[in-house]
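A look at the structure
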Number of protein chains: 2
Amino acid sequence: MTSAHQTSQAGRATERIPLEEIERAIMQISWLAQRQFMQLLDEDRFRVTLPQFYTLIYLQQAGEECKMSDLADSTHQSAASLTGVVDRLAEKLLVDRTRHKRDRRQVMVVITVRGIELISEIRLARREQMQMALGQLSEQEIDTFLHILDQVLSGMVRVIERGEGGRLA
Amino acid sequence: MTSAHQTSQAGRATERIPLEEIERAIMQISWLAQRQFMQLLDEDRFRVTLPQFYTLIYLQQAGEECKMSDLADSTHQSAASLTGVVDRLAEKLLVDRTRHKRDRRQVMVVITVRGIELISEIRLARREQMQMALGQLSEQEIDTFLHILDQVLSGMVRVIERGEGGRLA
DNA sequence: ATGATATACTTAAGGACATTGAATATCAAA
DNA sequence: TTTGATATTCAATGTCCTTAAGTATATCAT
């Protein structure tokens, strides 16, 4: 057709400098993974957004009440954004909000049963998408991949936490 | 702290369904990678957003004029969103807009020299972040990682393109 | 206690983008 | 010319981001 479609990343006998290639691949995967996941979350049966989902996931993993500020740190959202996100989750009855008994300034958030159910449905649907995307990998490759991903993950946490603290500190 | 992350090292061999773990890792990495990259793009010297950046990147790789609709498809944005994104890129003089000579309905977009310069500065900064995140990997691991990433990437493209077409078609 | 500070969170205002549906302009034919 | 398809923009609405200001509540020094 109109050409201009060439993904241009296929062939090219990668001239060494694999770090650059990894950078490209991670960026593209992140972009695609988010888009792809957004599509899923936007289906009528779910109707949540990415920040809402990641917030919910964290609450479910935590398994107990969380302070707003801890939740904001852990999900890498600003406190101001999180207020809105939790508002919408509470409207949908996916989380409950209460005040801390001793320190009434603190707002505590818990996931509801309904929230837990929603998450497990989303995970199920997500898994189907993933199986398609990962279908080509051998079992050996999957193990290796997982191991490397975890290392990259911890590296990223380091980078993002450095950036979030004081940019001038 | 930011815990609740524990991967819970499996004792038994492949009883674990590592696909679930990979799913978790990819979601977390995508989320973090986007947040981390947003921080970077939001610095005063850049001041672009993620959709703007990915649009710019595509235009640079294409190397020539692109139709709005092709650009929307390729970057996985809706035509309506893309209009706004390109508006803002054009305001910053990072792209130029013209009409197709024969078919005046079509709007053609090209990246400007200034746009190309900006991209290469961003890439440079990005690489430094990446080196931090990937610092722990051996050369062998990097090669393997890259190979697997490319396979995952093509799997994802398949998934997202299936979802985007007609949900009812 | 009183007043000053620190904290935890919300609110407010403005920008970017997403979605949806309607509007516009152009092309291509019947 | 009317009709219909195509290419893009516009308008309305909602979510989320950032920054700055505002409201409680807690804590500490006096």
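Our subject in this report is the structure included herewith.

Reading the values: rules and limits
- Residues numbered from 1 in each chain as written.
- Chains lettered and ligands numbered in written order.
- Predicted model: local features only at pLDDT ≥ 70, side-chain atom pairs only at ≥ 80, totals over all residues.
- Heavy atoms only, no water.
- Helix = DSSP H or I, 4+ residues; strand = E, 2+ residues; numbered from the N terminus.
- Expected span 1.5 Å × (residues − 1).
- Buried < 20%, exposed > 50% of the residue type's maximum accessible area, 1.4 Å probe, protein only.
- Contact = heavy atoms within 4.5 Å.
- Near = heavy atom within 4 Å.
- Polar contact = N/O pair within 3.5 Å; in protein donor to acceptor, adjacent residues only side chain to side chain.
- Pairing = 2+ DSSP bridges.
- Axes fitted to C-alpha atoms, helices over the stretch in contact; angles between N-to-C directions.
- Least-squares fit on C-alpha atoms with pLDDT ≥ 70 in both.
- Phe/Tyr/Trp six-rings, centres within 6.5 Å; stacked < 30°, edge-to-face > 60°.
- Lys NZ or Arg CZ within 6 Å of the ring centre and 35° of its normal.

Further remarks concern helix α4 (residues 79-91) of chain A. Residue and element names in this part refer to chain A. Taking 1.5 Å as the rise per residue, α4 with 13 residues should run 18 Å; its terminal C-alpha atoms sit 18 Å apart, in good agreement. Those residues of α4 lying buried are L82, G84, V85, V86 and L89. Residues of α4 that are buried in the fold lie against α2 (50-62), α3 (68-75), β2 (95-99) and β3 (107-111).

Attention now goes to the protein's contact with DNA strand D. In the vicinity of DNA strand D there are 24 residues, among which T49(A), R88(A), R35(B), S69(B) and T83(B) approach most closely. Backbone atoms, meaning sugar plus phosphate, form 80% of the atoms of DNA strand D positioned within 4 Å of the protein. Contact between DNA strand D and Q52(A): a phosphate oxygen at 3.1 Å from a side-chain N or O atom of the residue. Within the side chain of R97(B), an N or O atom sits 3.3 Å from a phosphate oxygen of DNA strand D. Elements that contribute at least two residues to the surface near DNA strand D include exactly α2 and α4 of chain A together with α3 (68-75) and α4 (79-91) of chain B.

This paragraph deals with the sheet that holds β3(A). Residue and element names in this part refer to chain A. One open sheet accounts for 3 strands, arranged β1-β3-β2; its pairing is antiparallel. Both edges of this open sheet fall to β1 (66-67) and β2, since each of them pairs with a single strand only. Pairing between β1 and β3: 2 bridges, direction antiparallel. Bridge pairing in β3 places C66 opposite V109. The sheet strands contacting α4 are β2 and β3, and the helix crosses β2 at an angle near 120°.

A word on the protein's contact with DNA strand C. Taken together, the neighbourhood of DNA strand C is formed by 22 residues, with S69(A), T83(A), T49(B), R88(B) and R105(B) sitting nearest. Put simply, 80% of the atoms of DNA strand C that lie within 4 Å of the protein are in sugar or phosphate. R105(A) places a polar side-chain atom, nitrogen or oxygen, 3.1 Å from a base oxygen of DNA strand C. Breaking the surface near DNA strand C down by element, the ones donating at least two residues are α3 and α4 of chain A together with α2 (50-62) and α4 of chain B. Per-element accounting of the surface near DNA strand C gives the leading share, 3 residues, to α4(B).

Quick look at the relation of the copies chain B and chain A now. Superposing chain B onto chain A takes a rotation of 180° combined with a translation of 0.1 Å along the rotation axis, leaving an RMSD of 0.2 Å. In symmetry terms, the pair is related by a two-fold rotation axis. The C-alpha atom lying nearest the rotation axis in chain B is that of S30(B); the distance is 2.1 Å. Most of the interface of chain B is mirrored in chain A, where 92% of its interface residues are also at the interface.

Turning next to the packing of aromatic side chains. Taken as a whole and judged by the stated rule, the model has 7 aromatic pairs over all chains. With centroids separated by 5.6 Å and ring planes inclined at 80°, the aromatic side chains of F53(A) and Y54(A) adopt a geometry described as edge-to-face. Each member of the pair, F53(A) as well as Y54(A), carries the same accessibility label: buried. Ring centres of F145(A) and F145(B) lie 6.1 Å apart, and the angle between their planes is 40°; this geometry places the pair in the tilted category. Taken together, the positions of F145(A) in helix α6 (residues 139-164) and F145(B) in helix α6 (residues 139-164) put the pair across two chains. As far as the burial class goes, F145(A) and F145(B) line up, both buried. Among the aromatic residues, those joined into a cluster by ring pairs are W31(A), F37(B), F53(B) and Y54(B). Positioned above the aromatic ring of W31(A), the side-chain terminus of R35(A) is 4.0 Å from the ring centre. In this structure, R126(B) is placed above the aromatic ring of F37(B), and the distance from its NZ or CZ to the ring centre is 4.5 Å.

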